[in-house]
Amino acid sequence: MKFFHTADWHLGKLVQGVYMTEDQEYILEQFIEAVKAETPDAVIIAGDLYDRAVPPTEAVQLLNRVLEIIAIELNIPLLAIAGNHDSPSRLHFGREVMKQSGFHITGELSEPFQPVVLHDDAGEVHFHLVPYTDPSQVRLALEDETVKTHDDALRAITAKIEAVKDPNARHVFVGHAFLTSHGEEKENTSTSERQLSIGGADQASAGYLDGFDYVALGHLHQGHFVGRQTVQYSGSPLKYSLSEQTHKKGYLVVDIAADGTVEVEKRLLEPKHDMYAVEGYIADILEHEICEDYVFVKLLDETVVLSAMEKIRSVYPNAMHVEREFPTLSVTDSESTLKDRTKMSDFALFQSFYEEVRGSEATEATEQLFQDALQALNVKEGERK
């Protein structure tokens, strides 16, 4: 059986004040064309279909069109779960009706767990759809007072599934969580990933999923496997922050054989606008060819650049952010040194301050600018007196 594994669409995403809906539509058109060309036996969306609980109208319309094409027009089963950005109740609504059209979605955790059963020539493949659920909700749903953490929640859920699993079928777990090999703490793969826990551990152990032939995961935006090649994050189909600039975005094509062995292949998607950092002096950047990518610009100029964003956008019309880099100010002076500074001239004090902040001596041009500004200020002060 062959299926596509994708996740973290985040429809309706807003990045630096820019709605990404047009870019998301562009990338999903490619995904739809791939589905049409390869006609997989199923498509999995492992959570975070939307970026927030109440998405904008355009995002809802886009998702509706994509689901309609895949599930109804192409008649390909579509399996999805709610992620931590989604509204569980909104996605759970009407699921029994939508199931008749081949769209199987689980927004809320409920017991007993009933897998979605699909067939190929080799028999049944059971897809276990487990939406993101806070540990407190898992504790209530399973009536298990031992569930305190995300690790506890995954342990309890998988134990319930294992107790009723059909040993003659192949099994795929679809989840939205932060898994590490043994539940150890690690950093998120992107700054656009919302923390699953405040003040506690987000991570859960991938070891609880050893009994599944394939694990289709969502939440972390960088595609990678955890522990073994069959425990996979597909990653998001688009870059949603500068921290993702080196990520290779796409989806996974998964082929599960009759004996449960799995082959996984990464397919890349081409964005309408790439996202990355640009660093340099304003004069050099203005010589670049016009480019419509989403860029975050770091200026190296020591002097102030007036109307910096306006100038940058003459070359990069979709520039998202511009900043100047300053070395960190280090306060290491002794008390005697601080007292000595009270005896320094304004110009000497400026030179000392500049060297401490910038890590180098001021150029003659910079010193002259300060001298001119200081002289103008002294003239004004004199006029007031």
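Position numbers for residues start from 1 in each chain and track the written sequence from start to end. With the structure being a predicted model, the display of local features is reserved for residues of pLDDT at least 70 and the display and counting of side-chain atom pairs for 80 or more, all residues being used for whole-chain, interface and lining totals. Values shown for side chains rest on all heavy atoms present in the structure; no hydrogens or waters enter the calculation.

An unreviewed UniProt entry annotates the protein chain as Nuclease SbcCD subunit D of Sinobaca qinghaiensis. UniProt positions are given in the numbering used here, feature names are shortened, and annotations may be inferred rather than shown by experiment. You can read under Sequence similarities (unreviewed entry) in the UniProt record for the protein chain the words "Belongs to the SbcD family." Reading the Subunit (unreviewed entry) entry of the UniProt record for the protein chain gives the comment "Heterodimer of SbcC and SbcD."

K.L.:
Would you take a moment to explain the side chain of threonine 189 for this structure?
P.N.:
For helices the rule is a DSSP run of H or I covering at least 4 residues; for strands it is a run of E covering at least 2, with both sets numbered from the N terminus onward. By the secondary structure assignment, threonine 189 is in the loop between β10 (178–180) and β11 (203–205). Among the polar contacts listed, one links the side chain of threonine 189 to the backbone nitrogen of glutamine 222, at a separation of 3.2 Å. Residue contacts for threonine 189: discarding those within four places in its chain leaves Leu220, His221, Gln222, His224, Ser243 and His247. Residues adjacent in sequence count toward polar contacts only when both atoms are side-chain atoms; beyond that, a polar contact is any pair of N or O atoms within 3.5 Å, and within protein one must be able to donate a hydrogen and the other to accept it. Throughout, a contact is declared for two residues whenever any of their heavy atoms are within 4.5 Å.

K.L.:
Quick question: what am I supposed to make of the packing of aromatic side chains here?
P.N.:
To describe a pair of aromatic rings, one takes the distance between the centres and the angle between the planes. Pairing of aromatic rings covers Phe, Tyr and Trp, the last through its six-membered ring, and needs centres within 6.5 Å; plane angles under 30 degrees mean stacked, over 60 mean edge-to-face, and all others mean tilted. Under the definition given, this model contains eight aromatic pairs. Relative to phenylalanine 31, the ring of tryptophan 9 has its centre 6.1 Å away and its plane inclined at 75 degrees; by these criteria the two rings are edge-to-face. Of the two residues, tryptophan 9 sits in the loop between β1 (2–6) and β2 (14–15) while phenylalanine 31 sits in helix α1 (residues 21–38), which places them 22 residues apart along the sequence. Buried means the residue's accessible area, taken with a 1.4 Å probe over protein chains only, is under 20% of the maximum for its type, while exposed means over 50%, and partly exposed covers the values in between. Taking the relative accessible area as the measure of exposure, tryptophan 9 reaches 2% and is therefore buried.

K.L.:
Looking at this structure, how should I read the sheet that holds strand β6 (residues 103–106)?
P.N.:
Strand pairing in a sheet relies on backbone hydrogen bonds. The paired strands run either parallel or antiparallel. Only strands that DSSP links by at least two bridges are regarded as paired with each other. On the basis of which strands lie adjacent, the open sheet formed by six strands has the order β6-β5-β4-β1-β15-β16 and mixed pairing. Of all the strands in the sheet, just β6 and β16 (262–268) have a single pairing partner and so form its edges. Neighbour-to-neighbour, the strand axes of the sheet open up by a mean angle of 20 degrees, direction not taken into account. Inspection of the sheet shows strand β15 (residues 250–256) paired to β16 by seven bridges, in the antiparallel sense. Residue pairing in the sheet places glycine 250 in a bridge with leucine 268 of β16. Lines are fitted to the C-alpha atoms to define the axes, a helix being fitted only along its stretch in contact, and any angle between axes, read from their N-to-C directions, falls within 0 to 180 degrees. Across the sheet, α1 touches β1, β4 (42–46), β15 and β16, and the angle it forms with β1 is around 170 degrees.

K.L.:
Looking at this structure, how should I read the nonpolar core?
P.N.:
Nonpolar side chains in soluble globular proteins tend to be buried together. By convention a nonpolar core is built from buried Ala, Val, Leu, Ile, Met, Phe, Trp, Tyr and Cys residues, the set being connected through side-chain atoms within 4.5 Å. Among the nonpolar cores identified, the biggest contains 39 residues, and Phe4, Trp9, Leu11, Phe31 and Val43 are the most heavily contacted of them. Mapped by element, the contributors of at least two residues to this core are α1, β4, α2 (57–73), β5 (78–81), β6, β15 and β18 (294–299). When residues of this core are assigned to their parent elements, the largest contribution, eight residues, is made by α2. A domain assignment, automatic or from a database, supplies the domain bounds used here. Counting the residues that make up this core, at least three belong to each of domain 1 (2–268) and domain 2 (275–324).

K.L.:
Before we go on, may I ask you to explain the pairing of β4 in this structure?
P.N.:
In terms of burial, β4 is a largely internal element, five of the five residues being buried. The alternating pattern of β4 places Ala42, Ile44 and Ala46 and Val43 and Ile45 on opposite faces, both of which are buried. As paired strands, β1 and β4 are joined by four bridges and run parallel to one another. The residue bridging phenylalanine 4 from the neighbouring strand is valine 43, located in β4.

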